[in-house]
Amino acid sequence: MKITREEVRHVAKLARLDLTDAEVDRMTGQLDAILTYVAKLDELDTTGVVATTHTQQVVNAFRDDVVRPSLPREQALANGPEQNGESFVVPRVIG
Amino acid sequence: MEYSSLTLHEALGLLDGGQVSSVMLTESVLARIDAVEPTVQAYLALDRDGALRQAHQADQLRKNGQAGPLCGLPVAVKDVLCTTSMPTTCGSRMLEGFVAPYDATAVRRLTDAGAVLLGKLAMDEFAMGSTSENCAFKVPNNPWKPGYVAGGSSGGSAAAVAADECFASLGSDTGGSIRQPASLCGTVGMKPTYGRVSRYGLVAFASSLDQVGPLTKDVRDCALMMQVISGHDPLDSTSIDRPVPDYTSALQEGLKGMKIGIPREYFGQGLDPEVERSVREGIVMLKDAGAEIVEVTLPHTDYCVAVYYLIAPAEASSNLARYDGVRYGFRDRSASSLLEMYSRSRSKGFGDEVKRRILIGTYALSSGYYDAFYKKASQVRTLIKDDFARAFAACDLMVSPVTPTPAWPIGDKADDPLALYLSDILTLSANLAGIPGLSVPCGFNGEGLPIGLQLQAAHFDEEKLLRAAYNVELRAGLVGKKPSLA
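Residues numbered from 1 in each chain as written. Chains lettered and ligands numbered in written order. Predicted model: local features only at pLDDT ≥ 70, side-chain atom pairs only at ≥ 80, totals over all residues.

### Observations concerning the confidence of the model for chain A
The pLDDT averaged across chain A works out to 93; a share of 99% of its residues lies at or above 70. No element of chain A has a lower mean pLDDT than helix α2 (residues 21-38) of chain A, at 95, and none a higher one than helix α1 (residues 5-14) of chain A, at 97. (pLDDT = per-residue confidence, 0-100. Helix = DSSP H or I, 4+ residues; strand = E, 2+ residues; numbered from the N terminus.)

As structure tokens, this is what we get:
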């Protein structure tokens, strides 16, 4: 086994996902198959190979730091599931 | 004749000649949608009134001599591109009802060119999938055989074009999501070079792989769409500042002087015999057009799926962390604490495939596994990229199948994620290497299902792709062949 039920639960917690017991069972099986498959990368010796995170030679794209109009508050809040016209509202954080 | 069955450039010719108005074209397409959409199921949102309003405006602009290059032509876009005039769901309950506060640059370029925006097209949730069955709202059907998949993740974009429900569409391609549905539905589909088209307003899946591109009825239409959507955008810091060539001038008959490579690894096990035969016929067409055919090798092909299914989920797990039920998207209202709200909202808002990829990605990036999975995959990505660089030193283009098989019945492969991942083997290396690729129809199988031919080129060699595809199209003679819908 490449991954256990406990590890799936741990990863789900890191990813902020609640999984039911049935989901944990199913995902453990599927993730195990996928991780077993990707382990074929171990056949390759990559010592000294530089990692590719980006395919184009892009450098930081800077622009001048000038004040410009930004998204109006009303529009920025428009898709909020809960908002009070000034900010997004969330369940109490500090007791 | 129905106007909706015309190609984009034919309709443009009629508009330019004053034989038809944009309102007439738009009404024709809307009537076509009414007739076939119950079967095809390509549209997640249709803006009937807005389309007719834009068509009236386009006719006015044309009268005033202010017509842009696509003025008055009705098009549609994959629901992964943000639009202010319609909701953007990404095929997910998570974004049901979300209306973006800005338009994606690719969409804005289309409407700035005068195109009429009809609606938003069905897709796999967050573009994760190869069949569009992961769409939370509807599953598009293959117009050539309803009940069969249209492919994915841009399944709605391919089905709508194939069914004449728009003159052209936009999709997005992270591992084949434009080319694969184009192949399965018998349309042209191009994934441009990474950075050629702005990703601003494209809901992010895997940021180092995602690219917006067109799906069209023929190669000339592809060139016309590419002309409009390509170019640098200050709002996307990964878009490349490089002049956009005149793509239609690349559409020349004959391929003399062009060297086209056959990557031997792309004709291996699991390739459907009818697909192989069709693609081999396509290769003969390229040869007949004057191209020199050579054999090339991409030795790390066998590792592409493994690399992709670590890197794409890793990037996705990071990108999709933004869906927390606070600023937009679904919120579970039963939660009493903030943490509970995050996890319940995400668990109810995301579908299975999205959860699966978030879990793989989180695992591959997590402490203790990062080196073994994400870093290792990124190193092998370098080897894959180097394979392409070596191959393109020996040829101008590469020719291959797009998918190992034609379309299959909806539901057939839904329970085996790994089997579906493996079917992406011929397309996802282009995304890993950042190169452009295109699917052009080259034949049909015995069941009447379309088969596409894939062409791949070096970075920014879209003109060569278009030229070769144009020559295949001329010889295959399939433009105008339509599915017998409704």
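Additional details are given in the paragraphs that follow.
### Here's the deal with the interface of chain A and chain B
Chain A puts 41 residues into the contact, and the matching count from chain B is 52 residues. Listing elements by their share of the side of chain A that touches chain B, those giving two or more residues are α1 and α2 of chain A. A per-class count over the side of chain A that touches chain B returns 26 nonpolar, ten polar and five charged. (Contact = placed C-beta atoms within 7 Å. Nonpolar A, V, L, I, M, F, W, Y, C, P; charged D, E, K, R; others polar.)

### Digging into the sheet that holds strand β7 (residues 259-263) of chain B
Residues and elements named next belong to chain B. Spatially, the eleven strands line up as an open sheet ordered β1-β3-β2-β4-β6-β5-β10-β11-β9-β7-β8, and their pairing is mixed. Each having just a single partner strand, β1 (43-46) and β8 (292-296) make up the two edges of the open sheet. The average angle at which neighbouring strand axes cross in this sheet is 30 degrees, direction not considered. Bridge count for strand β10 (residues 437-444) against strand β11 (residues 450-457) is seven bridges, and the pairing is antiparallel. Within the sheet, the bridge partner assigned to leucine 438 lies in β11 and is leucine 455. (Pairing = 2+ DSSP bridges. Axes fitted to C-alpha atoms, helices over the stretch in contact; angles between N-to-C directions.)

### Quick word on α2(A)
Helix length check: α2(A), at 18 residues, gives a terminal C-alpha distance of 25 Å against a target of 26 Å (1.5 Å per residue), a fit within 8%. Buried residues of α2(A): A:Met27, A:Thr28, A:Gln30, A:Leu31, A:Ile34, A:Leu35 and A:Val38, and no others. Packing partners of the buried residues in α2(A) comprise α1 of chain A together with α9 (304-319), α11 (352-365) and α13 (417-422) of chain B. (Expected span 1.5 Å × (residues − 1). Buried ≥ 20, exposed ≤ 12 C-beta atoms within 10 Å, placed from the backbone.)

### Overview of the environment of B:Leu209
All names here are of chain B. Looking at where leucine 209 falls in the secondary structure, it is placed in the loop between β5 (188-191) and β6 (211-216). For leucine 209 and alanine 42, which are 167 residues apart along the polypeptide, the C-alpha to C-alpha distance reads 25 Å. Excluding its chain neighbours within four sequence positions, the residues that come into contact with leucine 209 are Thr174, Gly175, Ala312 and Asn431.

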